[in-house]
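Coordinate inspection notes
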Amino acid sequence: MNHENAKLSVIVPIYNAEEFLNRCINSILQQIYQNLEIILVNDGSTDNSLKICQMYKSKDNRIVVINKNNAGVSAARKDALQVATGDFITFVDSDDYIDSNMYKNLMRTMVEGDFDIVESGYTLVDENEEVICVRRLVDEQRVGKDNCLEGYLSNKNSDTFLWNKIYRKDLFKGLVLPEYRYSEDYLWNVLLFSRCHKSITVNSVYYTYYKNMSGTCNNNNYWAKTDGILAGVESLTYLEKNFPQFSYWGVMYILDYAKFLYMVEYELQVDERCLYKELNRYYRRYFDINAILKSSGKRKIAGYLLFFLSPQIYAYSNRLYHQIKPD
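Report follows, based on the coordinates. (Residues numbered from 1 in each chain as written. Predicted model: local features only at pLDDT ≥ 70, side-chain atom pairs only at ≥ 80, totals over all residues. Heavy atoms only, no water.)

**Considering the overall build of the protein**
Counted only if it meets this: By definition, any uninterrupted DSSP run of H or I lasting at least four residues is a helix, any uninterrupted run of E lasting at least two residues is a strand, and each is numbered from the N terminus. Based on C-alpha atoms, the radius of gyration is set beside the globule rule, defined as 2.2 Å times the residue count to the power 0.38. Burial here depends on accessible area, computed with a 1.4 Å probe over protein chains only, as a share of the maximum for the residue type. Under 20% is buried, over 50% is exposed, and the range in between is partly exposed. The contact criterion used throughout is that any non-hydrogen atoms of two residues lie within 4.5 Å. Positive residues here are Lys and Arg, negative ones are Asp and Glu, while His and the chain termini are left out of the count. Lys charges are placed at NZ, Arg charges at CZ, Asp charges at CG and Glu charges at CD.
Broken down by element type, the protein carries twelve helices and ten strands. In summary, the protein has a C-alpha radius of gyration of 20 Å against a globular reference of 20 Å for 327 residues, a match within 12%. With respect to the principal axes defined by its C-alpha atoms, the protein has extents near 60 × 45 × 40 Å. Every one of the 327 residues in the protein was classed for burial, and the buried ones make up 54%. A separation of at least 24 residues holds for 79% of the contacts in the protein among residues at least 6 apart in sequence. Across the protein, the centroid of the 38 positively charged side chains sits 4 Å from that of the 41 negatively charged ones.

**Examining helix 3 (residues 73–83)**
Every α-helix winds through 3.6 residues per turn, so residues three or four apart in the chain are directed the same way. Of all the positions in helix 3, only S74, A75, A76, R77, A80 and L81 are classed as buried. If you follow the buried residues of helix 3, they end up packed against strand 1 (8–14), strand 2 (36–43), strand 3 (63–68), strand 4 (88–91) and helix 6 (184–193).

**Considering a nonpolar patch on the surface**
Worth spelling out the cut-off: Surface patches are drawn from residues lacking salt bridges whose relative accessible area is over 30%; two like charges belong together within 9 Å, two nonpolar side chains (Val, Leu, Ile, Met, Phe, Trp, Tyr) within 5 Å. Per-residue and other accessible areas were derived by the Shrake-Rupley procedure at a 1.4 Å probe size, with only the shown protein chains allowed to occlude residues. Definition used for salt bridges: Asp or Glu carboxyl oxygen within 4 Å of a side-chain nitrogen of Lys or Arg.
Side chains of I289, L293 and L305 sit close together on the surface and give an oily, nonpolar patch of about 200 Å² of accessible area. With respect to the helices, strands and loops of the structure, L293 is situated in helix 10 (residues 289–296).

**Here's the deal with the layout of surface pockets**
Threshold: Cavity: a set of points on a 1 Å grid over the protein atoms alone where a 1.4 Å probe fits but cannot get out. Pocket: an open set with protein on both sides within 12 Å along at least five of seven lines, its lining residues, like those of a cavity, having an atom within 4 Å of a point. Grid points are joined across faces, edges and corners, and a volume is the space filled by probe spheres set on the points. Three residue categories are used. Nonpolar comprises Ala, Val, Leu, Ile, Met, Phe, Trp, Tyr, Cys and Pro, charged comprises Asp, Glu, Lys and Arg, and polar comprises the others, including Gly.
In this model, the second largest pocket occupies a volume close to 190 Å³. Lining the second largest pocket are K78, L81, Q82, I89, K169, D170, F172, K173, G174, L175 and L177. Examining the composition of the lining of the second largest pocket, we find that three residues originate from one element, helix 3, more than from any other. Here the residues of the lining of the second largest pocket are counted per class, giving five nonpolar, two polar and four charged.

**Some points on the packing of helix 5 (residues 145–153) against helix 6**
Note the cut-off: Interaxial angles span 0 to 180 degrees and are taken between N-to-C directions of axes, which are lines fitted to C-alpha atoms, for helices over the stretch in contact. Roughly parallel means an angle under 35 degrees; roughly antiparallel, over 145; roughly perpendicular, 65 to 115; everything else is oblique. Crossing handedness follows the turn of the near helix against the far one: under a right angle anticlockwise gives a left-handed crossing, and clockwise gives a right-handed one.
Relative to each other, helix 5 and helix 6 sit at 160°, their axes nearing to 9 Å. With respect to helix 6, the element helix 5 is oriented roughly antiparallel. As helix 5 packs across helix 6, the resulting crossing turns out to be right-handed. Within the contact between the two elements, helix 5 uses K145, C148, L149, Y152 and L153 and helix 6 uses D185, Y186, N189, V190 and F193. In terms of residue class, the contact of helix 5 with helix 6 is built from seven nonpolar, one polar and two charged.

Written as structure tokens, this is what we have:
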């Protein structure tokens with residue numbers, strides 16, 4: 001197959017995104033790679049998002065609009081997958097945008113190399129379009145399901161996101177995709193990489209990820225974020241059954257997510273003692289010295305142990321360290 005003849009379905013879940021939606025859709029329409037199907041899923045928006053989607057659909061016949069009751073980003077993506085007709089699948093979040101060369105270059109790499117998944121880096125920006133960081137991956141090919149899955153799970157040269165990757169559509173065939181409000185990307189990728197026979201990461205950066213500092217991480221829906229741990233537990237169960245040699249990576253995701261969420265809340269001074277106890281309960285339940293040693297070696301074990309013994313002391317020590325650490 002010539003890469004220009006391959007059809008790429010671009011799935012965009014949308015919820016109350018009118019402020020950024022034009023920028024997002026325009027960046028997709030301006031792709032040099034033209035063989036696209038653009039599926040805009042309006043997930044019960046209460047603003048003008050649906051009108052914006054319909055306006056673009058009237059101007060470009062490559063656009064498909066799905067209008068549905070609000071059910072979350074996972075459900076929106078699944079609905080789009082049901083109607084997608086492309087040979088390959090990719091995702092874009094509605095407040096993000098992409099470089100005009102992204103799909104041309106990644107599709108050439110994907111098709112000519114006969115890969116199942118191709119992944120690139122991204123730029124993280126704030127509300128003022130100031131660059132927070134650039135995540136640049138190393139050029140690397142992986143062959144065989146075990147190598148592809150371990151490369152993803154290790155998180156050394158891969159990321160949990162769906163939107164910085166292109167997938168061969170066949171990977172989704174017959175796959176039961178769980179729905180979570182947080183960390184669904186991580187779990188979906190565990191399932192997809194476990195089916196992948198050949199993957200590649202590329203050094204180029206095409207995707208711009210917009211970080212709303214007053215949004216998701218700073219709202220008061222902290223209990224909802226424990227979904228991320230449940231997604232981690234489901235991933236661990238899947239790995240223990242199908243890839244037991246990699247189950248320690250599933251353990252580490254749960255530990256790291258519980259620790260991360262605890263630290264976010266600590267820094268924001270959230271008064272949720274029950275939530276702290278819940279995160280600590282998960283952490284202690286899945287704490288495994290062998291998993292830490294396999295994934296991180298002896299270098300990081302002290303921090304995991306300290307959090308196990310006292311999350312409060314760990315959080316205080318971490319804050320103190322960053323206050324005195326030289327820039």
